[in-house]
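Overview (structure and organization)
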Amino acid sequence: AGLTAAAMVWWQGHLIKGQMQLQAIIELHKEWNSSEMLVKRKLAWSDKNEVNEDKVEDVLEFFEKVSTFEKNGVISVGLIWDTFGWYVSRYAHFCSRAIQKLRTDWGSAGHLDNSLYRDLENLAEKLTKLDIRESGLTRPQVTDELDRTKDRFIRSEKGQ
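This text gives an overview of the structure that appears in the document. Keep in mind that what you see is a predicted model, and the values were worked out from it rather than measured.

Reading the values: rules and limits
Residues numbered from 1 in each chain as written. Predicted model: local features only at pLDDT ≥ 70, side-chain atom pairs only at ≥ 80, totals over all residues. Heavy atoms only, no water. Phe/Tyr/Trp six-rings, centres within 6.5 Å; stacked < 30°, edge-to-face > 60°. Helix = DSSP H or I, 4+ residues; strand = E, 2+ residues; numbered from the N terminus. Buried < 20%, exposed > 50% of the residue type's maximum accessible area, 1.4 Å probe, protein only. Axes fitted to C-alpha atoms, helices over the stretch in contact; angles between N-to-C directions. Parallel < 35°, antiparallel > 145°, perpendicular 65-115°, else oblique. Left-handed = near helix turned anticlockwise from the far one by under 90°. Contact = heavy atoms within 4.5 Å. Nonpolar A, V, L, I, M, F, W, Y, C, P; charged D, E, K, R; others polar. Salt bridge = Lys/Arg side-chain N within 4 Å of Asp/Glu carboxyl O.

Evaluation of the coordinates by the stated rule reveals 16 aromatic pairs. A ring pair is formed by Phe94 and Phe153, whose centres lie 5.8 Å apart and whose planes are at 35 degrees; its orientation type is tilted. Pair noted here: Phe94 is in helix 5 (residues 85-94) and Phe153 is in helix 9 (residues 150-157), with a separation of 59 residues, a long-range link. For the pair formed by Phe94 and Phe153, the shared burial category is buried.

With their axes 8 Å apart at the nearest point, helix 3 (residues 57-71) and helix 7 (residues 118-135) run at an angle of 70 degrees to one another. The angle between helix 3 and helix 7 falls in the class roughly perpendicular. Between helix 3 and helix 7 lies a crossing whose hand is left-handed. Every residue of helix 7 that contacts helix 3 at Leu60, Phe63, Glu64, Val66, Ser67, Thr68, Glu70 and Lys71 is listed here: Arg118, Asp119, Leu120, Leu123 and Lys126. Considered class by class, the residues forming the contact of helix 3 with helix 7 number 5 nonpolar, 2 polar and 6 charged.

As enumerated under the stated definition, the model contains 11 salt bridges in all. The salt bridge involving Lys150 is made with Glu50; its shortest N-O contact spans 3.1 Å. A residue pair is termed long-range when its members are at least 10 positions apart, and Lys150 in helix 9 and Glu50 in the loop between helix 2 (35-43) and helix 3 qualify at 100 residues. Residue classification places Lys150 among the buried residues on the basis of a relative accessible area of 18%. Judged by relative accessible area, Glu50 falls into the partly exposed class, the value being 36%. Its salt-bridge partner being Asp105, residue Lys101 comes within 2.8 Å of it at the nearest N-O pair. Of this pair, Lys101 and Asp105 both sit in helix 6 (residues 96-106), 4 residues apart, which is roughly one turn of the helix. Beyond isolated ion pairs, a larger network of salt bridges with shared partners links Arg103, Arg118 and Glu121.

Here it is, written out as structure tokens:
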């Protein structure tokens, strides 16, 4: 009887965690596709399809929230892979120099703020490893694919 009760509690906990993940993803999805975020995503890129370092921070903050949720077990890497992974990988890759600049800007006395967007970079690395495993590609092939599709991705983010 005790074993059955323990199994029921575990099963219910598993269901509740799944419901919490689903609710978190639904809320993140609403935020990601809100009219305000669509404007921020559009402004994150210059007319020359480069990162607009003065405007990309709002979008990076969204992904830092997603990555912090993953780090703390609120949502799984697999669920992020299925929903936001495509965007996380691209923003982390294309914005790496902007992230370094922001670390310098937010640091003090000439020191970088290495905590800034660390969770995002860690999540992007997990997603890259998952991409390699799922696709059978190598890391250089994944990077080449990102670089090859950069302009198309940015035009999409800008609504073109």
